[in-house]
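# Observations on the model geometry
Listed here are the chains, written in short residue letters.
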2 protein chains.
Amino acid sequence: MAELHPVCAPLAFLLGTWQGTGAGIYPTIEDFSYIEEASFAHVGKPFVAYGQKTRDADTGLPLHAEAGYLRPQGDGRVELVLVQPSGIVELLEGTVEGSTVQLASTAVLGTASAKPVTATERRIWLDGDVLRSSVAMAAVGRELQHHVVSEMYRLS
Amino acid sequence: MAELHPVCAPLAFLLGTWQGTGAGIYPTIEDFSYIEEASFAHVGKPFVAYGQKTRDADTGLPLHAEAGYLRPQGDGRVELVLVQPSGIVELLEGTVEGSTVQLASTAVLGTASAKPVTATERRIWLDGDVLRSSVAMAAVGRELQHHVVSEMYRLS
């Protein structure tokens, strides 16, 4: 195992694999609930690799997934670059303060066949031994609003 | 194991894990050689998840990584959305013909701290039992030109 890059120290609380449940809403779709597994890993370089997958809580079928990299800047600022199988990429900037990472998109782009997403806000925070994650999204012409929230427990 | 989504059938030759070696050049850096491992996976939905990591051929230390999703469009066209720990996201469009996927960027974006990359072209093709991969890149003010090429063999 490589030693954690010092710039990643403020994100050390994220490292590992987490599993739990979440719930999603948006005015254009039915409410839904899901099982989530997320991982945060490092290789000794100044970033943390992030991956996440969700499954439908009722059917077990795969729902969402995303992958990306957190780039701490050494001064409390954090960048996140993110990709989703729906054909969306996101660039986000924000901060890590204590056990809370708070990010807002500076750019969201989609391929020709992707649904239009124009902005997101993301928050990941450790609350006791629960890792909580929430996403607000502006999509399909709607303004930025709460979309999903989950709570996960450490698997490893 | 989920059944492969029919739209992914033209990309079935990629599915699995591959390992091999590669070489990189660019006018602004020293030539380098690397060990690469790449994987292509599906969950029954109309995309193929892609991930790749490289290590320095001499030191074994991690070099590059990227993650993304191939989105076949059912008519020979393919989209690729991609994220890199260097703070870069790419949207690419292209085609799959026989055992060759050929893609060109429609957008490349970087975070505030990322090195400027403005365009890429990517090719992945199966040559007998060798999976070959090449990337051309326009970065740090240079025009689009060959950057890396690798050859990998199937691990699983």
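Higher on the page you've got the structure.
Now for a description of the structure that goes with this document.

Cut-offs used in this document
- The written sequence of each chain sets the order in which its residues are numbered from 1.
- Note on labels: chains are lettered from A, ligands numbered from 1, in written order.
- Only residues with pLDDT of at least 70 get local features here, since the model is predicted, and only at 80 or more are side-chain atom pairs given and counted; chain-wide, interface and lining totals rely on the full set of residues.
- Only hydrogens and water are set aside when side-chain values are computed; all heavy atoms of the structure are taken into account.
- Note on contacts: a residue pair qualifies if any of its non-hydrogen atoms lie within 4.5 Å across the two residues.
- A 1.4 Å probe defines the accessible area here, and the buried area is the portion of it lost by two parts on being joined, summed over both.
- Put simply, a salt bridge is a Lys or Arg side-chain nitrogen that is within 4 Å of an Asp or Glu carboxyl oxygen.
- N or O atoms within 3.5 Å of each other form a polar contact, as long as, within protein, one can give a hydrogen and the other can take it, and as long as residues adjacent in sequence are counted only when both atoms are side-chain atoms.
- What counts as a helix is a DSSP run of H or I of at least four residues, what counts as a strand is a run of E of at least two, and both are numbered from the N terminus.
- For this classification, Asp, Glu, Lys and Arg are treated as charged, while Ala, Val, Leu, Ile, Met, Phe, Trp, Tyr, Cys and Pro are nonpolar and the rest, including Gly, are polar.
- The buried label goes to any residue with under 20% of its type's maximum accessible area, the exposed label to any with over 50%, and the partly exposed label to all in between, with areas taken from a 1.4 Å probe on protein chains only.
- Here, a strand pair is defined by DSSP locating no fewer than two bridges between the strands.
- Only the stretch in contact is used when fitting a helix axis, every axis being a line fitted to C-alpha atoms; angles between N-to-C directions are given from 0 to 180 degrees.
- Only residues with pLDDT of at least 70 in both copies count here: their C-alpha atoms drive the least-squares fit that superposes the copies.

### Concerning the interface of chain B and chain A
Listed by partner, the interface residues are 32 residues for chain B and 32 residues for chain A. Around 2,400 Å² of area is buried between chain B and chain A when both sides are counted, 67% of it from carbon and sulfur atoms. Summed over the shared surface of chain B and chain A, the number is zero salt bridges. For the interface between chain B and chain A, the tally reads 16 residue pairs in polar contact (both at pLDDT 80 or more). Tallying contributions element by element places strand β4 (residues 62-72) of chain B first for the side of chain B that touches chain A, with eight residues. Grouping the constituent residues of the side of chain B that touches chain A by class yields 18 nonpolar, eight polar and six charged.

### Structural notes on the pattern of salt bridges
Here the structure, examined in full by the defined rule, presents twelve salt bridges over all chains. For B:Arg71, the salt bridge identified is with B:Glu79, shortest N-O distance 3.0 Å. Assessed through its relative accessible area of 11%, B:Arg71 is described here as buried. Residues joined by salt bridges that share partners form a network here, namely A:Glu66, A:Glu90 and A:Arg122.

### So, the sheet that holds strand β1 (residues 16-26) of chain B
Residue and element names in this part refer to chain B. Pairing in this closed barrel of ten strands is antiparallel, and the strands run β1-β2-β3-β4-β5-β6-β7-β8-β9-β10 around the ring. Neighbour-to-neighbour, the strand axes of this sheet turn through a mean angle of 20°, independent of strand direction. Of the pairings in the sheet, the one linking β1 to strand β10 (residues 145-154) comprises seven bridges and is antiparallel in character. Directly across from Ala23, in β10, lies its bridge partner Val149.

### A word on the relation of the copies chain B and chain A
Superposing chain B onto chain A takes a rotation of 180° plus a shift of 0.0 Å along the axis, which leaves an RMSD of 0.0 Å. Such a combination of turn and shift is consistent with a two-fold rotation axis. Ranked by how close their C-alpha atoms come to the rotation axis, the residues of chain B are headed by B:Val83, at 2.9 Å. Of the interface residues in chain B, 100% have counterparts in chain A that sit at the interface too, so the contact is made through matching surfaces.

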